[in-house]
Amino acid sequence: MNHQIVPLFPLPGLVLFPRTTIPLHFFEPRYVKMIQDAIAGERRVATAQLRRGWEQNYFGRPPVFRTVTIARILFEEEPDDGGFDVLLEGIERAAVVQELKGRPYRRAKVVSLVDLMPEADRTGIDEATAHLVRNAERLAALRPNLRHSLTNLENTHLHPGIIADQVASVLIKDAYDRQSILEERRVLRRLQLVNVQLRATIEQERNASSRQHETQREE
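Criteria and thresholds
- Residues numbered from 1 in each chain as written.
- Predicted model: local features only at pLDDT ≥ 70, side-chain atom pairs only at ≥ 80, totals over all residues.
- Heavy atoms only, no water.
- Buried < 20%, exposed > 50% of the residue type's maximum accessible area, 1.4 Å probe, protein only.
- Helix = DSSP H or I, 4+ residues; strand = E, 2+ residues; numbered from the N terminus.
- Arc of directions from axis to C-beta.
- Polar contact = N/O pair within 3.5 Å; in protein donor to acceptor, adjacent residues only side chain to side chain.
- Expected span 1.5 Å × (residues − 1).
- Pairing = 2+ DSSP bridges.
- Phe/Tyr/Trp six-rings, centres within 6.5 Å; stacked < 30°, edge-to-face > 60°.
- Lys, Arg positive; Asp, Glu negative; His and termini not counted.
- Salt bridge = Lys/Arg side-chain N within 4 Å of Asp/Glu carboxyl O.
- Contact = heavy atoms within 4.5 Å.
- Axes fitted to C-alpha atoms, helices over the stretch in contact; angles between N-to-C directions.
- Parallel < 35°, antiparallel > 145°, perpendicular 65-115°, else oblique.
- Left-handed = near helix turned anticlockwise from the far one by under 90°.
- Nonpolar A, V, L, I, M, F, W, Y, C, P; charged D, E, K, R; others polar.

> Got a minute to help me understand helix α5 (residues 175-183) in this structure?
Residue pairs three or four apart in sequence face the same way in an α-helix, which turns once every 3.6 residues. Listing the buried residues of α5 in full gives A175, R178, Q179, I181 and L182. Axial view of α5: buried residues confined to an arc of 160°, hence all on one face. One side-chain oxygen at the N-terminal end of α5 lies 3.0 Å from the backbone nitrogen of Y176; it belongs to D174.

> Honestly, helix α2 (residues 122-142) in this entry has me stumped. Any pointers?
Between its terminal C-alpha atoms α2 stretches 31 Å, which fits the 30 Å expected from 21 residues at 1.5 Å a residue. Restricting attention to buried positions, one finds in α2 the residues I125, A128, T129, L132, V133, N135, A136, L139 and A140.

> Got a minute to help me understand the pairing of strand β1 (residues 3-11) in this structure?
Sheet analysis places β1 next to strand β6 (residues 106-112), joined by 6 bridges and oriented antiparallel. Of the residues in β6, the one forming a bridge with P7 is R107. With 4 bridges connecting them, β1 and strand β3 (residues 44-49) associate as parallel partners. Looking at the pairing, P10 lines up with A48 of β3.

> What am I meant to see in the packing of aromatic side chains here?
For any pair of aromatic rings, the description consists of the separation of the ring centres together with the inter-plane angle of the planes. Within the structure shown, the criterion is met by 3 aromatic pairs. Ring geometry for F9 and F26: centres 4.6 Å apart, planes at 55°, overall tilted. On the criterion of sequence distance, the pair formed by F9 in strand β1 and F26 in strand β2 (residues 21-26) is long-range, its members being 17 residues apart. Like F9, the residue F26 is buried in the burial classification. Geometrically, the ring pair formed by F9 and Y31 is edge-to-face, given 4.9 Å between the ring centres and 80° between the ring planes. Note that F9 is positioned in strand β1 and Y31 in helix α1 (residues 29-40), a separation of 22 residues in sequence.

> What am I meant to see in the side chain of R178 here?
Tracing the backbone shows R178 in helix α5. Buried R178, no salt bridge; nearest opposite-charge side chain is D174, N-O distance 8.6 Å.

> Is there a simple way to think about the side chain of R107 in this case?
Considering the arrangement of structural elements, one finds R107 in strand β6. Despite its burial, R107 remains without a salt bridge, the nearest opposite charge being carried by D37 at 7.8 Å. Engagement of the side chain of R107 in a polar contact is seen with the backbone oxygen of K101, the distance being 3.3 Å. With residues up to four places along the chain from it excluded, the contact list for R107 reads I5, V6, P7, L8, Q98, E99, L100 and K101.

> Would you explain the pattern of salt bridges in this entry?
Applying the stated rule across the entire model yields 12 salt bridges. E28 is the partner of R30 in a salt bridge, and the nearest nitrogen-oxygen pair spans 3.0 Å. According to the relative accessible area criterion, R30 is buried, its value standing at 13%. Residue classification places E28 among the buried residues on the basis of a relative accessible area of 11%. Note that R93 is salt-bridged to D165, the shortest N-O span being 2.7 Å. In this pair, R93 sits in strand β5 (residues 84-100) while D165 sits in helix α4 (residues 160-171), placing the two residues 72 residues apart along the sequence. Here R93 and D165 have matching classes, each one buried. One connected set of salt bridges, linked through shared partners, spans R93, D115, D165 and R190.

> Honestly, the packing of α2 against α4 in this entry has me stumped. Any pointers?
Helix-helix packing: each pair is described by the crossing angle between the helix axes and the interaxial distance. Where α2 meets α4, the axes come as close as 10 Å, and the angle between the chain directions of the two elements is 30°. Here α2 lies roughly parallel to α4, going by the angle between them. As for the relative orientation of α2 and α4, their crossing is left-handed in sense. For the pair formed by α2 and α4, the contact residues are I125, T129, L132 and L139 on the first element and P160, I163, A164, V167 and L171 on the second. The residue makeup of the contact of α2 with α4, split by class, is 8 nonpolar, 1 polar and no charged.

Bear in mind that shape data such as this cannot, by itself, settle questions of function.
As structure tokens, then:
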């Protein structure tokens, strides 16, 4: 099992999925130093969500979820405030094996987590992926602002697990729901979880649209 050592960036509500991007602004001195070191090295960091109760020890080492995302620094810029504006791209899931000391910022020894796709799940994965694509198209029709992100997924030729991650990144806002998706290595189960969220969101959109039409008729 191959380990790697990466800087660890913990933040409440931060769940980055593989093959997705996120812009971040770093301003705390310890994390500015972290980015400087990462840029001078392999340009990689691991994003980790803080567990509940982090407020009591934010400037120390509050506990993080052990499933994290290793990300590469795609772009960086130094604004006048002394911080860093950075664009991160998720690469892969990883598990924190051990946290290391010796730097002003947190570092961790991590091991990569591969997606699980046993042969017994193959048919279910194909069916769940097809459902996910159809549901994404339905939601895109109800939310035009999501059309770019949720349409034409069947032609991307992406791994089913990546498709689930990309839809989850766009759709799921609750940080702990996002974390549960990140922690799900079994691709069939991940697809099913995202489909549940998609169907619930579609139903909410349809109900909201119906209420709006009823209000307009009454007026």
